[in-house]
Amino acid sequence: MKGLPLSIKIPDLGCSTFIAQNKNSGYLFGRNFDMDYSPSVLVKTKLKNGDASISMVNLSFVGYNENYLPDTLKDSLVTLAAPYAPLDGMNEKGLAVGVLLIDTKPTNQNTKKVDITTTTAIRLMLDKAKNVDEALELLSSYDMHSSANSCYHFQICDASGTSVVVEYVDNEMKVVYPDKNYQCATNFLLTNPDAEFNFGQDRYQIIDEKLSSTNGKLSNHEAMQLLTDCSQDAHKNKQGKISKTQWSCVYDLKNKKVTICVNENYDAKYTISVLE
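Residues numbered from 1 in each chain as written. Predicted model: local features only at pLDDT ≥ 70, side-chain atom pairs only at ≥ 80, totals over all residues. Heavy atoms only, no water.

1. A word on the packing of aromatic side chains
Counted by the stated rule, this structure contains three aromatic pairs. Arranged with centres 4.2 Å apart and planes meeting at 15°, the rings of phenylalanine 33 and tryptophan 247 form a pair that is stacked. You can see phenylalanine 33 sitting in strand S2 (residues 27-36) and its partner tryptophan 247 sitting in strand S15 (residues 242-252), a full 214 residues away along the chain. By the burial criterion, phenylalanine 33 is buried, and tryptophan 247 matches it. Ring geometry for phenylalanine 188 versus tyrosine 204: centroids 5.1 Å apart, planes at 65°, classification edge-to-face. Note that phenylalanine 188 is positioned in the loop between strand S12 (183-185) and helix H3 (201-213) and tyrosine 204 in helix H3, a separation of 16 residues in sequence. With relative accessibility at 21%, the residue tyrosine 204 sits in the partly exposed group. (Phe/Tyr/Trp six-rings, centres within 6.5 Å; stacked < 30°, edge-to-face > 60°. Helix = DSSP H or I, 4+ residues; strand = E, 2+ residues; numbered from the N terminus. Buried < 20%, exposed > 50% of the residue type's maximum accessible area, 1.4 Å probe, protein only.)

Following this line, the structure appears as structure tokens:
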């Protein structure tokens, strides 16, 4: 950015994620991103010393809004920061990650390790981890600091079907492994589901009941339908802003492709490959 000052800010967001076995072959990672107005962009990165990846970014986190969008060359300069603000994505090895809000005090680890933030942690995993074990090793090597005044947890999965949810409780990293042949997450701590700051249990129940009824197996179409079923229609959030599902993604971890629907328009599907 050549010294251009930049702050990545993540406000309150409510989201849903899950991993399921693909009825055709391999595994699918589903993700709903729920928030107020979010100018979204799909970012493709290809590194000389790391994995190629695709990721979804909300440009409002780097300063854009309805009245200020990257419509000109000058106004688009800040989009150079987009690779460092991913909220979900998948790399060429089939590792996928999504971040979800936990509405409690922010994580601020201080163990004298190198510091990292929420979104740059996703960038690190997509660039450097080929599976869940490597992603966990990376996360444990850094001190996590929330990108905004809240806590977050990550669902991380890979092409083998391995999945975990990484949570930060009292600044300690916790790893939750699935107890079924699928795993899902919304906006409550799986390590402390009765905490008063939790929310999103209704969406979790929709996902859990569907995956339980199908023995954890879905087609690509059914995965997107499940995201439709747990999407959030327009409503006022606690900041008084209109919030809803901004995008829905189904990541095919075997074929390294993502199918995306934006702004709850589930009739318009876009499929993008990380390898092309």
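2. Some remarks on the nonpolar core
Counting 50 residues, the largest nonpolar core has Val97, Met125, Leu139, Phe154, Ile156, Tyr251 and Leu253 as the members making the most contacts within it. The dominant element in this core, judged by the number of residues it contributes, is strand S6 (residues 96-102), at six residues. The contact partners of tyrosine 251, leaving out residues within four places of it in the chain, are Tyr27, Leu28, Phe29, Met56, Asp88, Gly89, Met90, Lys257 and Val258. Ile207, Leu226, Leu227 and Cys261 belong to the second-largest nonpolar core, a separate cluster that totals 16 residues. (Core = buried A, V, L, I, M, F, W, Y, C linked by side-chain atoms within 4.5 Å. Contact = heavy atoms within 4.5 Å.)

3. Concerning the pattern of salt bridges
Summed over the entire model, instances satisfying the criterion amount to seven salt bridges. Between glutamate 222 and lysine 23 there is a salt bridge, with its nearest N and O atoms 3.1 Å apart. Of the two residues, glutamate 222 is situated in helix H4 (residues 220-229) and lysine 23 in the loop between strand S1 (14-22) and S2; the sequence distance between them amounts to 199 residues. For glutamate 222, a relative accessible area of 24% gives the class partly exposed. Lysine 23 gets classed as partly exposed once you look at its relative accessible area, which sits at 48%. Close ionic contact of arginine 123 with aspartate 127 constitutes a salt bridge, the shortest N to O distance being 3.2 Å. Placement of both arginine 123 and aspartate 127 in helix H1 (residues 118-128) is noted, with a separation of four residues, approximately one turn of the helix. An identical accessibility class is assigned to arginine 123 and aspartate 127; each is buried. (Salt bridge = Lys/Arg side-chain N within 4 Å of Asp/Glu carboxyl O.)

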